[in-house]
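Examination of the molecular architecture
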Amino acid sequence: MRRSGASGQFNPLARVRNRREWRARAGAAESDAEETKLVGCAGGGGGDEEKKEERGGANAETAVRYLHEGLTVSDKLLREAKNEERMATLNQGKLFLVLDLDHTLLNSCRFDELNDEERESLDRKVEKREEEDELRSKLLGLVGGGDAGGGRRPRFPDLYCLSHFSTYTKLRPYVFEFLEQASKICRMHVYTMGDKNYAHEMASLIDPEGKYFHGRIIGNSDSTCSKTKDLDIVLGGDDCTMIVDDTSRVWPRHARNLIRVDRYHFFRKSATSFREMEKSSVMERGLDEGEAEEEGAPAKHREVLKDVLAVLTVAHRMMAFSDGSGHREKKDHKDVRQVFERNGMASEGENGGNVESVDPASSSLLLKGCVILPSGITPSNDERPDRHPLLLVAVGLGATIATAMNDNVTHVLARADNTEKVKWGRKRGLFIVNGNWLRECAMQNAKLDEHNFATL
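Description of the structure in this document. Going along each chain's sequence as written, the residues are numbered from 1 onward. With the structure being a predicted model, the display of local features is reserved for residues of pLDDT at least 70 and the display and counting of side-chain atom pairs for 80 or more, all residues being used for whole-chain, interface and lining totals. Here the side-chain values reflect all heavy atoms present in the structure, with hydrogen atoms and water set aside.

Examining the sheet that holds strand β8 (residues 217-218)
The pairing criterion for strands is at least two bridges between them, as found by DSSP. Under the DSSP-based scheme used, a helix requires at least four consecutive residues in state H or I and a strand at least two consecutive residues in state E, with every element numbered from the N terminus. The five strands are arranged β8-β7-β3-β9-β10 in an open sheet whose pairing can be described as parallel. At either end of the open sheet lies a strand with only one pairing partner, and these are β8 and β10 (258-260). Sheet analysis places strand β3 (residues 95-99) next to strand β9 (residues 241-245), joined by four bridges and oriented parallel. Bridge pairing links Leu-97 to Met-242 in β9. We call two residues contacting when some pair of their heavy atoms lies within 4.5 Å. Axes, fitted as lines to C-alpha atoms, cover a helix only where it is in contact. Angles between the N-to-C directions of the axes lie from 0 to 180 degrees. Across the face of the sheet, helix α10 (residues 304-318) comes into contact with β3, β7 (186-191), β9 and β10 while running at roughly 155° to β3.

Rendered as structure tokens:
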């Protein structure tokens, strides 16, 4: 019989009361001293050799101490728990979502990485946010809003000074709205290369009420390898999990699950550490994602998390959870990795690269027949341009992505209106659209008029 936690959500660990029971169910008979041994996972400061200790045979074990401190379980029992969680979550009509923190949902910078002028500017911004937070709390209290009670932190996606970490942290625009909407269709985890204390501190900023992650926060010491990430300790299934991360190479076994986002650089030091172009940070350029230079003008930098939400919306819709009667069955869903593999990247002279979709009769393939040529959407040195959110949306909706100018192209997807590809497309009378066209097609589940999205 399944038990639920305080949140009312199914927790596969609730059926096992302690670590000894986990190990007993796996058939292990070991001493209490060995009970907390972390096999195949990092100890608190251990080296790579400890993290890569081989597992094998019937007695193979894996540490899952992000679920319970010191917890080690047999691989057999872990597979059972993963499958049970997968079935329960799919029957709720949800996907699994694994979220990176740094440069994906937020950006942090240490005090010693900032000059005096930058620190003074940041302190003024933090002071202003805190004043706004206090005012909002008072207003909510005056109108009797329950939001102001219980010491809850007002939801301002802005800047924080964390003196105990000697760090400033800036949340990515739209992060609270993103988490709220994503939680309706996804069961979410945090997975970061940062240490556990940092991971939990950052999670408390983006999830101050603890309603999204419920302890599903994985830090570097929880991973089975020190330099990469893996879904092996995430309770769920690879076939129904999406990953949001700014770095593709840290997921060597799960590239097909990845939504690769552009790095968020609020701080100058963050941008320079990745050798980004001059004035690539928000502090230098003065404009954050979603902000325009003047009122009424289009935003200069896209709100990336809105695009990610569009990808998740397409994935969820195309997973086909229901059998049509409203009754959800786990057996009905498609592999989420196949949703974004309907069409290949079409090279020049490949007849547009059209590949028959998995479900050609599906009404959700709104852009079937469209061949989209990206212009300035991904960096020229991008290792996985196909995992960019906008291109995933396009493919998920049935379009083909062209990698070069050719006669089959129907649309040019561009960030600016002065590129060679845009000029080429205009000469041929093609549709020139910005990313909002794809995003809104996904969110509204309709092929919208391209002319309404031509302003770049």
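Looking at the sheet that holds strand β6 (residues 167-171)
Spatial strand order, β4-β6-β5: three strands in an open sheet with antiparallel pairing. Looking at the sheet topology across the chains shown, the edges are occupied by β4 (106-110) and β5 (159-162). Here the strands of the sheet are splayed against their neighbours by 20° on average, with no regard to which way each runs. Taken together, the five bridges between β4 and β6 define a ladder with antiparallel strand orientation. Note that in β6 the partner of Cys-109 across the bridge is Tyr-168. Packing against the sheet, helix α7 (residues 196-206) makes contact with β4, β5 and β6, and its axis sits at approximately 130° to β4.

Some remarks on the packing of helix α6 (residues 175-182) against α10
Two elements in contact, α6 and α10, have axes whose closest approach is 9 Å; the angle formed by their N-to-C orientations is 10°. The angle between α6 and α10 places the two elements in the roughly parallel class. Of α10, the residues touching α6 (which contributes Val-175, Phe-178, Gln-181 and Ala-182) are Leu-305, Val-308, Leu-309 and Leu-312. Broken down by class, the residue content of the contact of α6 with α10 amounts to seven nonpolar, one polar and no charged. Working rule for angles: under 35 degrees goes down as roughly parallel, over 145 as roughly antiparallel, 65 to 115 as roughly perpendicular, anything else as oblique. Amino acids outside the nonpolar list (Ala, Val, Leu, Ile, Met, Phe, Trp, Tyr, Cys, Pro) and the charged list (Asp, Glu, Lys, Arg) are all regarded as polar, and Gly is one of them.

Some words on the nonpolar core
For soluble globular proteins, nonpolar side chains are generally found buried alongside one another. Residue types Ala, Val, Leu, Ile, Met, Phe, Trp, Tyr and Cys, when buried and joined through side-chain atoms within 4.5 Å, form a set referred to as a nonpolar core. Throughout, exposure labels follow a simple rule: accessible area from a 1.4 Å probe, protein chains only, divided by the maximum for the residue type, with under 20% read as buried, over 50% as exposed, and the rest as partly exposed. Ranked by size, the top nonpolar core spans 72 residues in total, and within it Leu-97, Phe-178 and Leu-312 carry the most contacts. Contact partners of Phe-178, with chain neighbours within four places excluded, come to Leu-97, Leu-99, Leu-105, Leu-305, Val-308, Leu-309 and Leu-312. In terms of nonpolar packing, the next biggest core, distinct from the first, is built from 17 residues, Tyr-66, Val-98, Ile-218 and Leu-258 among them.

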